[in-house]
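Structural description and commentary
Each chain is listed here by its residues.
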Amino acid sequence: MIIYNPNKHFIGDLVHLSRSYTMVKIFRGVLLFGVISVAAYLLWYFESFRHLMGFDRSIFNFLGIVLSILLVFRTNSAYDRWREGRKHWGALVNHCRNLAIQLHVCIPSSDKESRSYLSTRISNFCIAFKEHLRYGTDLTQLVNLSDSDMKHYAKFKHVPNIISLEIQRKVESLHRSEQISGYDHINIKIHTQALLDILGACERIKKTPIPFSYAVFIRIFILAYCALLPFSLVSELGFGAILITMFVAFAFLGVELLAAEIEDPFGLDCNDLPTGTIATNIKNDILEIFDLQLVQSEEPALYEKIF
């Protein structure tokens, strides 16, 4: 995700455009329609082709309004998904912190094994969570894993589920051994259940994009509109039809492709949510709550635990 201050550098923020692959695709599309516009401009000089051009521009005025309405819905739908994803990750931060604080208070300081076990699992749940929403959990990014843990997790496709199961199982074991009281157990269970609730909500966003037919229809509409527009404008605007067409294509393609980018907010695109940073921050918060030491590893975004 591109981090910037919206209240400063109005012109300077434009340099971020070069960092977005979506903008590269937009410029490629604009160039394509520029070529079509140049072709329309050249064909205008041939009498045999002029009857194909110069048709009523009011048609495009009407179609432009229809297309704008469709794009507004498209953009709102995509942004709602992005915003909902951010809300869920914000809730994940709160639940993990609350869970860690309650466990830290309830588990005796002498039980270092339980404290180490749970702090590791909560941290790894968040790391596995963000990778699960991308291309599948990368076990090498998880921290403080033994060889037996690596072999155990490698058997499963849904690693966050297994980590959540381990957290719940450990909490139940501590409750049965009376290290966690019944009242505290009820409060802790709210947060352990919330982990999977948030995971399920993010999976719903990930696996339910905008209906395919609707997305394709909008793109066909944009392509047809921008491809035919210069043939309507060239009779009156001449060379200016090329510039107008490219500007209109930039606007319509930009809205559509940017909406497609943020529709899945959990990836690695420039405008996706910074789930990797959030997961790392949660891990660091958990270790700080449990008063555990951090040691910088070779990977800047990851840390190794020492217990």
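The structure reproduced in this document is the subject of the present report. Keep in mind it's a predicted model, so treat the numbers as computed, not measured.

According to the stated counting rule, one finds nine aromatic pairs in the structure shown. Ring centres 5.8 Å apart and planes at 85° place the aromatic pair Tyr41 and Phe239 in the edge-to-face group. Here Tyr41 is found in helix H1 (residues 21–43), whereas its partner Phe239 is found in the loop between helix H8 (212–237) and helix H9 (240–263), with 198 residues between them in sequence. On the numbers, 4.8 Å between centres and 20° between planes, the contact of Trp89 with Phe129 is stacked. Of this pair, Trp89 sits in helix H3 (residues 58–106) while Phe129 sits in helix H4 (residues 112–132), and the two are 40 residues apart along the sequence. With respect to class, Trp89 is no different from Phe129; both count as buried. The rings of Phe60, Tyr225 and Phe252 are connected pair by pair, giving a single aromatic cluster. Of note, Arg121 hangs over the ring of Tyr117, and the distance from its end group to the ring centre comes to 4.0 Å.

Core analysis: the largest hydrophobic core is formed by 45 residues, its most contacted members being Trp89, Leu92, Cys96, Leu103, Phe129, Tyr153 and Ile282. At the level of secondary structure, the elements contributing two or more residues to this core comprise H3, H4, helix H6 (159–176), helix H7 (182–207), H9 and helix H10 (275–289). Among the elements that take part in this core, H3 stands out by supplying 10 residues, more than any other. Residues contacting Trp89, with those up to four places away along its chain left out, are Cys126, Phe129, Lys130, Leu133, Cys202, Phe266, Thr275, Ile278 and Ala279. Counting 19 residues, the second-largest nonpolar core is a separate cluster that includes Tyr225, Leu229, Leu233 and Leu253.

Criteria and cut-off values
Residues numbered from 1 in each chain as written. Predicted model: local features only at pLDDT ≥ 70, side-chain atom pairs only at ≥ 80, totals over all residues. Heavy atoms only, no water. Phe/Tyr/Trp six-rings, centres within 6.5 Å; stacked < 30°, edge-to-face > 60°. Helix = DSSP H or I, 4+ residues; strand = E, 2+ residues; numbered from the N terminus. Buried < 20%, exposed > 50% of the residue type's maximum accessible area, 1.4 Å probe, protein only. Lys NZ or Arg CZ within 6 Å of the ring centre and 35° of its normal. Core = buried A, V, L, I, M, F, W, Y, C linked by side-chain atoms within 4.5 Å. Contact = heavy atoms within 4.5 Å.

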